[in-house]
Amino acid sequence: MKKMSPLLSVQRLKVYFPIRGGFWHRAIDHTRATDDVSFEIMEGETYGLVGESGCGKTTTGRAIIGLHKATSGKILFDGIDLAKLRGKERRRRTKDIQMVFQDPYASLNGRKKVLDIVAEPLRNFERMSPQEEKRAVQTLLERVGLDADAAYRYPHQFSGGQRQRIGIARALTLNPKLIIADEPVSALDVSVQAQVLNFMQDIQKEFNLAYLFISHDLGVVQHICDRIGIMYRGRLVEEGLAEEVYSNPQHLYTKRLISAIPEMEPAQRLAKRRVRQSVQEQYEGAYDQFFDKDGKLFDLKKISKTHSVAVP
Amino acid sequence: MGKALLEIENLQTSFRIKGTDYAAVDDVSLCIHEDEVLAIVGESGCGKSALALSIIGLHEPRVTDLRGAIRFEGENLLELSRKKLNEIRGKEIGMVFQDPMTALNPLLTIGSQIEEPMKYHMDLSRIARKERALDLLRRVGIRDEALVHARYPHELSGGMRQRVVIAIALACNPRLLIADEPTTALDVTIQAQIMELLKTLQSEMQSGILLITHDLGVVAETADRVAVMYAGQIVELAEVDDIFARPLHPYTRSLFQSNPAKMPRKGRLHVIQGRVPNLENLKREGCRFADRVPWVPKTEHARSPVLQEVKRGHFVRCTCYKNFHFNTGRSGEKDVATS
Ligand SMILES: Nc1ncnc2c1ncn2[C@@H]1O[C@H](COP(=O)(O)OP(=O)(O)OP(=O)(O)O)[C@@H](O)[C@H]1O
Ligand SMILES: Nc1ncnc2c1ncn2[C@@H]1O[C@H](COP(=O)(O)OP(=O)(O)OP(=O)(O)O)[C@@H](O)[C@H]1O
Ligand SMILES: [Mg+2]
Ligand SMILES: [Mg+2]
């Protein structure tokens with residue numbers, strides 16, 4: 001099933017945003033949102049990108065589909081550098097990558113009916129009769145757990161989680177090869193979340209889809225992802241198979257993330273609190289484990305065939 | 001637990017869709033006390049946000065109809081004038097909106113949006129307001145607070161926006177905080193910090209918190225009581241340890257079973273059969289959950305169940321909960337019906 005050459009290869013990607021100031025409103029500094037990030041995703045694979053809020057996950061995803069310009073680095077899709085393509089060829093290629101946006105409301109056009117929102121990508125690329133189009137849209141809506149007649153309503157008439165599912169339906173219309181899903185289930189209760197995750201896994205098998213799954217929910221990431229990259233302040237600090245990273249975390253930030261997962265079992269809450277405290281103490285006194293003498297995060301080093309960590 | 005801060009009585013919130021009113025919140029009665037965290041959980045679309053927005057009167061009045069009473073420190077908010085309501089809103093009651101981007105003004109800097117409510121409700125100098133805004137940003141875990149203070153919403157990450165909305169809600173030390181999914185966009189480390197912060201401010205101010213979330217871990221760790229909503233109604237209400245140890249309503253039990261952390265990797269997750277229908281298609285007669293437990297005989301569900309107290313402080317709206325073998329939902333087994 002899996003090919004040897006990656007579907008997506010992100011190489012030393014940097015995305016910097018200018019910080020403007022002073023009288024001339026010139027760039028006086030930069031926010032290094034994504035700072036030298038490299039990873040690969042194979043066909044049919046799910047790669048999870050996890051990390052602190054503001055560490056550059058969304059920026060990385062948006063750079064891949066071309067919504068942010070890379071400051072430097074390369075993004076190869078199917079071996080082709082997308083940044084070099086123009087016009088029709090570019091449109092044809094980028095159609096294979098779709099994104100589910102983190103902020104569902106802001107990304108859905110409020111003046112359009114759901115039918116038009118979900119069908120829009122179809123209209124750009126495929127010729128369908130209105131009947132076929134309607135059927136295609138309603139099938140998708142039902143598969144993400146919405147009523148078929150949701151097609152005739154406007155985004156503001158939906159709850160937060162319903163809007164997020166509209167965004168997912170929209171990303172799926174064109175049968176892409178890669179979906180960048182930015183917090184696709186974070187607004188959903190666990191039951192609907194389960195339904196959407198099952199569905200995402202089903203279509204993955206059916207169409208050999210790859211996912212870049214951006215999330216802060218380690219429970220979900222652990223469940224659905226093959227490999228995980230942990231991001232911290234613009235850089236990857238740990239990468240490996242999902243079970244490896246989860247059960248044998250090496251970087252202190254990863255440990256901290258895992259210990260902070262809230263505990264549902266009353267019996268284990270106290271034990272959890274102790275682990276959390278000890279990790280927190282380690283974390284506070286561990287500047288040297290994170291940064292080199294110039295204040296830079298370390299580069300990833302392999303500690304096994306599949307597992308890498310940023311340590312001195 | 002302190003005295004009652006907010007009392008909701010038989011609230012009904014209806015939206016007008018193509019000329020007909022449909023109740024999204026139906027006969028909800030609740031009480032939040034001083035120094036209490038009441039969590040509301042429930043399936044996407046069950047009416048949690050509609051309930052929250054009803055409390056602070058932010059529904060579009062032309063298409064919404066509100067009935068019942070919402071008493072805040074004795075005053076019925078539904079009967080107050082706009083002016084009076086504006087005084088309470090933002091000062092006495094702070095709201096964290098589910099959708100941070102729509103709650104923020106894209107044209108104003110973060111700093112000015114946090115300072116805005118302070119201008120109206122607090123007697124602070126310009127410099128003191130800025131100091132307070134920076135302090136709030138720091139407390140919600142934003143590292144470069146001076147930089148973020150001067151930025152615009154689109155320049156922030158999703159989780160940073162959410163924390164800005166939390167800072168705004170806390171700006172005037174509210175007596176009641178309504179937090180609609182306040183930590184959905186946050187990683188667990190910052191989530192923990194925010195929940196800590198809310199609890200600290202709460203005990204300083206003796207305030208009440210209405211916490212809407214689907215994160216059952218957060219509920220278990222922070223709530224005092226939990227209300228479970230289904231299709232516009234409260235179907236179960238109990239103290240937090242009670243409900244986790246002994247969930248009664250079949251919906252609550254299914255919810256506890258869907259947790260992905262408990263499932264084998266890449267396996268199929270437990271889902272509740274069927275789905276919450278659109279408002280227009282919701283059946284109003286009989287048990288609203290009936291379609292999702294098809295193995296229970298239909299005759300059980302002809303009457304609309306009422307919310308009844310089955311144990312001190314533990315309420316459930318279900319006629320058939322006794323027909324289920326008791327199962328904590330922790331083992332991943334399915335509920336089995338007997339009759
Ligand atoms: N358009 C922009 N202009 C300026 N700065 C930006 C812009 N977009 C993002 N940033 C900054 O880049 C950094 C990374 O943001 P990004 O949205 O990638 O974070 P994230 O990892 O997705 O976080 P979250 O989990 O909170 O969504 C943040 O400091 C943010 O303020
Ligand atoms: N302005 C509106 N007009 C018509 N229907 C609406 C409107 N706002 C919400 N609804 C409907 O009311 C129901 C309740 O919505 P609400 O936003 O309260 O759900 P929720 O419980 O907050 O869900 P979520 O967890 O997904 O945010 C949904 O069926 C939704 O589609
Ligand atoms: Mg993001
Ligand atoms: Mg909501």
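It should be emphasised that the depicted structure is a prediction, and the values quoted were computed from it without experimental measurement.

The immediate surroundings of ligand 1 are formed by 19 residues, with A:Gly54, A:Thr58, A:Thr59, B:Ser157 and B:Gly159 found nearest. Residues near ligand 1 are shared among chains A and B, making this a multi-chain site. Within the side chain of A:Thr58, one N or O atom sits 2.6 Å away from an oxygen atom of ligand 1. Contacts to ligand 1 include B:Ser157, whose side-chain N or O atom sits 2.7 Å from an oxygen atom. Computed on the free molecule, ligand 1 has an accessible area of 640 Å², of which 91% lies beneath the protein chains in the complex.

Listed as interface residues are 63 residues of chain A and, on the opposing side, 58 residues of chain B. Counting the surface lost from both chain A and chain B, the interface buries some 5100 Å², and carbon and sulfur atoms represent 48% of this. Where A:Arg163 meets B:Asp99, a salt bridge forms, and the shortest distance between an N and an O atom there is 2.9 Å. At the boundary of chain A with chain B, the tally comes to 16 residue pairs in polar contact (both at pLDDT 80 or more). If one sorts the elements of the side of chain A that touches chain B by residue count, helix H7 (residues 190-207) of chain A sits on top with eleven residues. Residues of the side of chain A that touches chain B, tallied by class, amount to 23 nonpolar, 22 polar and 18 charged.

For the rest of this paragraph, the subject is the coordination of the magnesium ion (ligand 3). All names here are of chain A. Binding of the magnesium ion (ligand 3) to the protein goes through Thr58 (OG1) and Gln102 (OE1), at separations of 1.9 to 2.2 Å. On the criterion of sequence distance, the pair formed by Thr58 in helix H1 (residues 57-64) and Gln102 in the loop between strand S6 (97-100) and helix H3 (104-107) is long-range, its members being 44 residues apart. For Thr58, a relative accessible area of 23% puts it in the partly exposed group.

All names here are of chain B. Predicted confidence across chain B gives a mean pLDDT of 87, with 91% of residues reaching 70 or more. Taken element by element, the predicted model of chain B shows its lowest mean pLDDT in helix H3 (residues 100-103) (84) and its highest in strand S8 (residues 208-212) (97). Predicted confidence for residues 326-339 stays below pLDDT 50, and this span has 33 contacts to residues more than four positions away or in other chains. Interface confidence in the predicted complex, given as ipTM, is 0.85; pTM for the same model is 0.89.

Thresholds applied
Residues numbered from 1 in each chain as written. Chains lettered and ligands numbered in written order. Predicted model: local features only at pLDDT ≥ 70, side-chain atom pairs only at ≥ 80, totals over all residues. Heavy atoms only, no water. Near = heavy atom within 4 Å. Polar contact = N/O pair within 3.5 Å; in protein donor to acceptor, adjacent residues only side chain to side chain. Areas by Shrake-Rupley, 256 points an atom, 1.4 Å probe, with all protein chains shown as cover. Contact = heavy atoms within 4.5 Å. Buried area = accessible area lost by both parts, 1.4 Å probe. Salt bridge = Lys/Arg side-chain N within 4 Å of Asp/Glu carboxyl O. Helix = DSSP H or I, 4+ residues; strand = E, 2+ residues; numbered from the N terminus. Nonpolar A, V, L, I, M, F, W, Y, C, P; charged D, E, K, R; others polar. Donors = N, O, S within 2.8 Å, 3.2 Å for Na, K, Ca; no water. Buried < 20%, exposed > 50% of the residue type's maximum accessible area, 1.4 Å probe, protein only. pLDDT = per-residue confidence, 0-100.

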